[in-house]
Amino acid sequence: RLLSRAAPSPLGRRRLCAGLCLALAAPAADAVASQRALADTTRLGVRSTQDRAERLALRGAGAGAPAEPGAAALVSAPALPAPQANDTISEEYWIAVNRKIAEAGLATPRPGSLNDAPPTATPEPWQKVLEASERVVVLDTPQEAAALNNWEMATPMPEVSPGKDATAVVRTMGVVPYDVQIGARIMSDLTEHAPPTPPPKQTLVDEAFVAQCPMIAFGNMLSVRAPRCGSGLGEWADPNTDRPIMRWKDNGKGGLKFGVDSAVTGNGSVAFAEFTETFTINKYIFDLYNCLGVKRFVVEESIVKLDHMAARAHSTMVDHDLSNSREAIFYRYTIKNPNGTAVAATQLFRMGQDMVNLTTFSDEQVGETLVAVAQRSGHWKRDQWRQCTGNPRGWDLTFPEEAKTTTVATVQDLRVAAAAVITMMAFRDEDASVDGFQHVGQSQLYWSMISSAFTVFAIAVFFSGGILLCRSYGVDKKLRRLFFRLEQVVLPRRPAAVRQPVLHPTY
């Protein structure tokens, strides 16, 4: 059937059969010649088929009769042979392929993952000295262990040739002398030791630490709003959807508490962070703690006073009218690490200014990378943002793309710290006096100082009065006698050992 389709003419079939016979009769060593013969035979069959199709087409055109039905198909493309039953791949072939793949998998090294055991540490030099040994071949029998504890076999017995139960065992025997072992042990104790396993990366440690606190999710915009309409909680909200992200409130000591919502305990009930004011003499210092009570950042507030400046001027770098100058108060908030290094800071902004920029802080220079831009939303001053209006008032924060860090959205994230600083700035601006100083929590601070001093004074007076009372009634002597007797009963003294005199045989 294949021959009739490939070469319909008798001459073409004979040529094709002759080529196939020549190809099959070629020796196995001459595989290249066999392939060439098979290619030539196929080429001859196709050529004969094309010749027959051309002759049929010319005959039909010359006689004016329609061409044969198969002529168009032969000219266009030869028919493809249908697959036969013996054309499928056998099951044995697939079994062999799977076996080869399995063998290759056993030889391929396993890729590393985070669940793999840490690599073993390299032995230290002195540890190598202590573990120096050589391999020796010993002869053990099953009765050796019992013979060591048998008193009947304590007497040395004559040597017996190893029996059939004896087994040759390879063991390690130490070759380090005792004096070398003592010196190596001393030097090993005096040498700094490497950890048994390599320490984890700082990124993994940070993620494991911050995973114990709640995490928040927000985009590149955030709105800080005050408590309003009878609510005692302020909020951080998404300005696009008004979704509350964080709640905040006054802690009564000049600081703020931040919390997230919980479906079980209510809004703002889960602790997230806290701003507390630190007692200082000439500075305003605030510590930012996470939910575990660990200090993450220190925020310092600086106040700068200028005697003469225009009413609406925000910088001396730009020319302004000095005819109507007045006293101006400027602020700056600096975010620092617990070790004192500055991380970010705001620019010097004037009291009542509507826009504040916060940038990274590097080498005592502000303005390296923009972290956040805070814009006042609405027309309001001081504590007017607590009024229950149709549109909520507050500060809208915008975070650029370069402000995103590798840390998750916890207190360690600089964007969260920037939002907390803006919240503290707006909260302290509510009670700012004419001189620029905020007195929020000042009464609580003074009361804590007075109460502490009064407590110490009361304790001192109580002890002094007790001592005078004991002396006036002679209680001190009675107590002294009581404690001496108690000491004799509980801690008796041992009698001194009396040395006997030497007895000389003669004098």
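Just so it is clear, the model here is predicted, and its values are computed rather than measured.

Asker: Mind showing me how you'd approach unusual backbone geometry here?
Answerer: Excluding glycine, most residues fall at negative phi; most peptide bonds, likewise, are trans. Within the chain, D242 stands out as a residue other than glycine whose phi angle is a positive 60 degrees. Topologically, D242 is positioned in the loop between β4 (234–237) and β5 (244–250). D242 gets classed as partly exposed once you look at its relative accessible area, which sits at 44%. A positive phi angle is found at R382, which is not glycine, with a value near 50 degrees. The residue R382 is located in the loop between β14 (365–377) and β15 (394–398) in this model.

Asker: Which parts of the structure should I look at to understand the state of the cysteines?
Answerer: Should the sulfur atoms of two cysteines be covalently bonded, the bond is a disulfide. A full pass over the atoms with the stated rule returns two disulfides. Two residues share a disulfide in this structure: C213 and C291, whose sulfurs sit 1.8 Å from each other. Taking the sign of the S-S torsion, about -95 degrees here, the bridge from C213 to C291 comes out left-handed. One end of the pair, C213, is in the loop between α9 (202–210) and β3 (221–225); the other, C291, is in the loop between β8 (284–290) and β9 (295–309), and 78 residues separate them in sequence. With a relative accessible area of 8%, C213 lands in the buried category. Two residues, C229 and C388, share a disulfide whose sulfurs are 1.9 Å apart. For the disulfide bridge between C229 and C388, the dihedral angle about the S-S bond is near 90 degrees, and by the sign convention the bridge is right-handed. Placement of the pair is C229 in the loop between β3 and β4 and C388 in the loop between β14 and β15, with a sequence separation of 159 residues. Here the bonded cysteines of the chain are numbered in sequence order, and their pairing is 1-3, 2-4.

Asker: Help me understand a positive patch on the surface in this model?
Answerer: A cluster of like positive charges, contributed by K477, K478, R480, R481 and R485, occupies part of the molecular surface. Position of K477 among the secondary structure elements: in helix α12 (residues 475–490).

Asker: Whenever I open this one, the confidence of the model for the chain confuses me. Can you help?
Answerer: Per-residue pLDDT for the chain averages 75, and the proportion of residues at 70 or more is 69%. Averaged over each element, pLDDT in the chain is lowest for helix α4 (residues 69–76) (45) and highest for β15 (92). Scored below 50 in pLDDT, residues 22–34 shows five contacts in the model against residues more than four places distant or in partner chains. In this model residues 60–75 is a low-confidence stretch, pLDDT under 50, and it forms eight contacts with partners more than four residues away in sequence or in other chains.

Asker: Teacher, can you tell me more about the environment of N339 here?
Answerer: Mapped onto the elements of the fold, N339 is located in the loop between β10 (326–336) and β11 (342–346). The class of N339 is exposed, set by a relative accessible area of 61%. Residues N339 and V298, 41 residues apart in the sequence, show an inter-C-alpha distance of 9.0 Å. A distance of 2.9 Å separates a polar atom in the side chain of N339 from a polar atom in the side chain of T341.

Asker: Mind showing me how you'd approach the pattern of salt bridges here?
Answerer: According to the stated counting rule, one finds 12 salt bridges in the structure shown. Residues R247 and D261 are paired through a salt bridge, measuring 3.0 Å at the closest nitrogen-oxygen approach. Of the two residues, R247 is situated in strand β5 and D261 in strand β6 (residues 256–262); the sequence distance between them amounts to 14 residues. For D261, a relative accessible area of 33% corresponds to the partly exposed category. For R428, the salt bridge is made with E301, and the minimal N-O distance between the two is 3.1 Å. Placement of the pair is R428 in helix α10 (residues 414–429) and E301 in strand β9, with a sequence separation of 127 residues. The class of R428 is buried, set by a relative accessible area of 0%. Within this structure, R225, E235, D242, R247 and D261 form a network of salt bridges that share partners.

Asker: Quick question: what am I supposed to make of the environment of T122 here?
Answerer: Here T122 lies in the loop between α5 (91–107) and α6 (125–130). Assessed through its relative accessible area of 65%, T122 is described here as exposed. A C-alpha to C-alpha distance of 8.6 Å links T122 and P196, two positions 74 residues apart in sequence.

Asker: Mind showing me how you'd approach the packing of aromatic side chains here?
Answerer: Summed over all chains, the structure comprises 12 aromatic pairs. Taking the centre distance of 5.6 Å and the plane angle of 70 degrees together, the rings of Y93 and W94 count as edge-to-face. Both rings, one in F275 and one in F286, keep their centres 6.4 Å apart while their planes meet at 80 degrees; by these two values the pair is edge-to-face. Taken together, the residues F275 in strand β7 (residues 266–278) and F286 in strand β8 connect sequence positions 11 residues apart. For the residue pair F275 and F286, the accessibility class agrees, reading buried in each case.

Asker: What's the story with a nonpolar patch on the surface in this structure? I'm lost.
Answerer: A surface patch of nonpolar side chains, amounting to about 710 Å² of accessible area, comprises L479, L482, F483, L486, V489, V490 and L491. Among the structural elements, L491 can be located in the segment after α12.

Asker: I would appreciate a short explanation of the pairing of β9 in the present structure.
Answerer: Every regular strand shows the same layout, with side chains that alternate between the two sheet faces. Sheet analysis places β8 next to β9, joined by six bridges and oriented antiparallel. Within β9, the position partnered with D287 by the bridge is V298. Counting the residues in the hairpin turn of β8 and β9 gives four residues, including G293, whose phi is positive at 80 degrees. The pairing of β9 with β10 spans 10 bridges and is antiparallel. The residue of β10 that forms the bridge with K305 is I329.

Asker: Looking at this structure, I do not really get the pairing of β3. What am I missing?
Answerer: With four of its five residues buried, β3 lies for the most part within the structure. Taken together, the five bridges between β3 and β15 define a ladder with antiparallel strand orientation. Bridge assignment links V224 to a residue of β15, and that residue is W395. Of the strand pairs in this sheet, β3 and β4 are connected by three bridges, and their pairing is antiparallel. Paired with V224 across the bridge in β4 is W236.

Criteria and thresholds
Counting restarts for each chain: residues are numbered from 1 in the order of the written sequence. At least 70 in pLDDT is required for a residue's local features to be given in this predicted model, at least 80 for side-chain atom pairs to be given and counted, and no such filter applies to totals for whole chains, interfaces and linings, which use all residues. The side-chain figures draw on all heavy atoms in the structure; neither hydrogens nor water molecules are used. What counts as a helix is a DSSP run of H or I of at least four residues, what counts as a strand is a run of E of at least two, and both are numbered from the N terminus. The cut-offs for exposure are 20% and 50% of the maximum accessible area for each residue type, with area from a 1.4 Å probe on protein chains only; residues under the lower value are buried, those over the upper are exposed, and the others partly exposed. Our working definition of a disulfide is a cysteine sulfur pair at a distance within 2.5 Å. Each patch is built from salt-bridge-free residues with over 30% relative accessible area, joining like charges within 9 Å and nonpolar side chains (Val, Leu, Ile, Met, Phe, Trp, Tyr) within 5 Å. Where accessible areas are quoted, they stem from the Shrake-Rupley method and a 1.4 Å probe; at the residue level, only the protein chains shown are allowed to cover. Each salt bridge in this description consists of a side-chain nitrogen of Lys or Arg and a carboxyl oxygen of Asp or Glu lying within 4 Å of one another. None of His or the chain ends enter the tally, which takes Lys and Arg as positive and Asp and Glu as negative. Where a charge lies is defined by one atom per residue type: Lys uses NZ, Arg uses CZ, Asp uses CG and Glu uses CD. The pLDDT value tells you how sure the predictor is about a given residue, anywhere from 0 up to 100. Working rule for contacts: check all heavy atoms of both residues, and any pair within 4.5 Å makes them a contact. Any pair of N or O atoms that falls within 3.5 Å is considered a polar contact. Within protein, one atom must be able to donate a hydrogen and the other to accept it, and sequence-neighbouring residues count only if both atoms are side-chain atoms. Aromatic pairing here means that ring centres of Phe, Tyr or Trp (its six-membered ring) are within 6.5 Å. Orientation follows from the plane angle: under 30 degrees is stacked, over 60 is edge-to-face, and everything else is tilted. When DSSP finds at least two bridges between two strands, those strands are taken to pair.

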